[in-house]
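In case you want the letters, here they are:
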Amino acid sequence: MPLVPNCRFCSTPLTTTLCDLGSMPLANDYRLPDDKNPERSFPLHARVCPSCLLVQVDDSVPPDAIFSDYAYFSSYSDSWVAHAKRYAEAMIGRFHLGPDSLVVEIASNDGYLLQHFKAAGVPVLGVEPAANVAETARAKGIDTEVAFFGVETARRLVAQGKRADLMAANNVLAHVPDIRDFVGGFATLLKPEGVVTFEFPHVLNLIEKVQFDTIYHEHFSYLSLVTVERVFASVGLKAIDVEELPTHGGSLRLYAAPVGSSHQPSARLDALRAKEHAAGLDTLTGYEGFAAKVAEVKRGFLAFLAEAKAANKKIAAYGAAAKGNTFLNFCGATPADIVAVFDRSLAKQGRLLPGSQIPIHSPDKISEIAPDYLVILPWNIAEEVMEQTRPLMPAGSLFVTAVPHIKMTP
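Residues numbered from 1 in each chain as written. Predicted model: local features only at pLDDT ≥ 70, side-chain atom pairs only at ≥ 80, totals over all residues. Heavy atoms only, no water.

- Going by an unreviewed UniProt entry, the protein chain carries the name SAM-dependent methyltransferase and comes from Labrys miyagiensis.

The structure is reproduced here in structure tokens:
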């Protein structure tokens, strides 16, 4: 890899750093306690392209090392499944989808979203690169192709007679190393009047709320409207609408259609362009000073750990999430600091967090371990976690979130 890598979209040399988090293990590489193989780690350095302003991490990990067997199953988050159901109902109504339509989801995971379209009688197809997750979807009756998506996969599906009325890509646009080829696949597979919706965390929130823990190797890019519209234009798509969502700490749902379609852009696009301009996201200035804010979050968390240990308090965590692994490893946390992490995913229980080596248990063990503090690592679903776990926590215990600063909740 060159000392100064090039932008994954426009090939401009990346000379500006957003933040350098050092060397990290893969955020979803959960290990068994008896695994003696050395743990792999890779540089995690986020940069900003001075030309197209795409925020991105260095290409240090081959994608098939990340996504061919994946430990994240969307259905373990009740709030996310409910979000998917609301989306399906809204899209069916807005675009008049029925038995003659086809909805295609890219990175369809375990069928958490497409199951709602299928239940409404709308034909569906999932495209999912992780074979283990795709099998779970197929068991639900969701037709699923195991493949990485791009122009080649889209052409193969078109050759099979498939063209989409609606395509969905939730929290995947950031996960692709070749963003131009990936988005080009949608332009290929959509019908002339078809629509695609992309949901992705808004880089504006990452910067303003210091959400550095959302940076990990699986997230190749961190996205703004100003940059994504440039990607769209390069493959023959146009933005037609946008919604700002609370999910994942603040996301965009961006609607796009072929440039030759009859869909017209909404006023919400102009409003968001103005918002990004006010924040400086259309210049390098808007990305300055982030690394110093990240260092301050780390100092705050280490101070919390030190004070809790000095008071002989027991600390555990909830949510064996990728963002939590970035956070704990950047802070240097170990089992001496945090005795356990609880997670509902059966695929993670009995394993260790990558890097920190903190053991993962079922939430059923919360009352047995009885922590004084429970650090909620997936802060984006903190309310859901507190509601589920409060009956299991000992009297007087506190919930803790650490991004963008320490917050304690009874």
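Once you've had a look at it, read on.
1. Description of unusual backbone geometry
Argument step 1. Here the amide bond leading from Val403 into Pro404 is cis, since omega sits at 5°, within 30 degrees of zero.
Argument step 2. Residues other than glycine seldom take positive phi values, yet Asn171 does so here, at roughly 55°.
Argument step 3. Along the polypeptide, Asn171 turns up in the loop between β7 (164-170) and α6 (179-189).
Argument step 4. We classify Asn171 as buried; its relative accessible area is 18%.
Argument step 5. Unusually for a residue other than glycine, Val210 sits at a positive phi of about 55°.
Argument step 6. Relative to the elements of secondary structure, Val210 occurs in the loop between α7 (203-208) and β9 (221-222).
Argument step 7. Judged by relative accessible area, Val210 falls into the buried class, the value being 8%. (Helix = DSSP H or I, 4+ residues; strand = E, 2+ residues; numbered from the N terminus. Buried < 20%, exposed > 50% of the residue type's maximum accessible area, 1.4 Å probe, protein only.)

2. A few points about the environment of Ser262
Argument step 1. As for its placement among the helices and strands, Ser262 is situated in the loop between β11 (251-258) and α9 (267-278).
Argument step 2. Separated by 241 residues in the primary sequence, Ser262 and Leu21 have C-alpha atoms spaced 45 Å apart.
Argument step 3. Polar contacts involving the side chain of Ser262 include one to the side chain of Glu193, which spans 2.8 Å. (Polar contact = N/O pair within 3.5 Å; in protein donor to acceptor, adjacent residues only side chain to side chain.)

3. Quick look at the sheet that holds strand β14 (residues 360-361)
Argument step 1. Taken together, the 6 strands give an open sheet; going across it, the order is β14-β13-β12-β15-β16-β17, and neighbouring strands pair in mixed fashion. Of all the strands in the sheet, just β14 and β17 (407-409) have a single pairing partner and so form its edges.
Argument step 2. Two elements, strand β13 (residues 341-342) and β14, share 2 bridges in a ladder whose sense is parallel. Pairing of Val341 across the sheet is with Ile360, part of β14.
Argument step 3. Along the sheet, helix α10 (residues 290-310) contacts β12 (315-318), β15 (373-376), β16 (398-401) and β17; its crossing angle with β15, the most-contacted strand, is approximately 165°. (Pairing = 2+ DSSP bridges. Contact = heavy atoms within 4.5 Å. Axes fitted to C-alpha atoms, helices over the stretch in contact; angles between N-to-C directions.)

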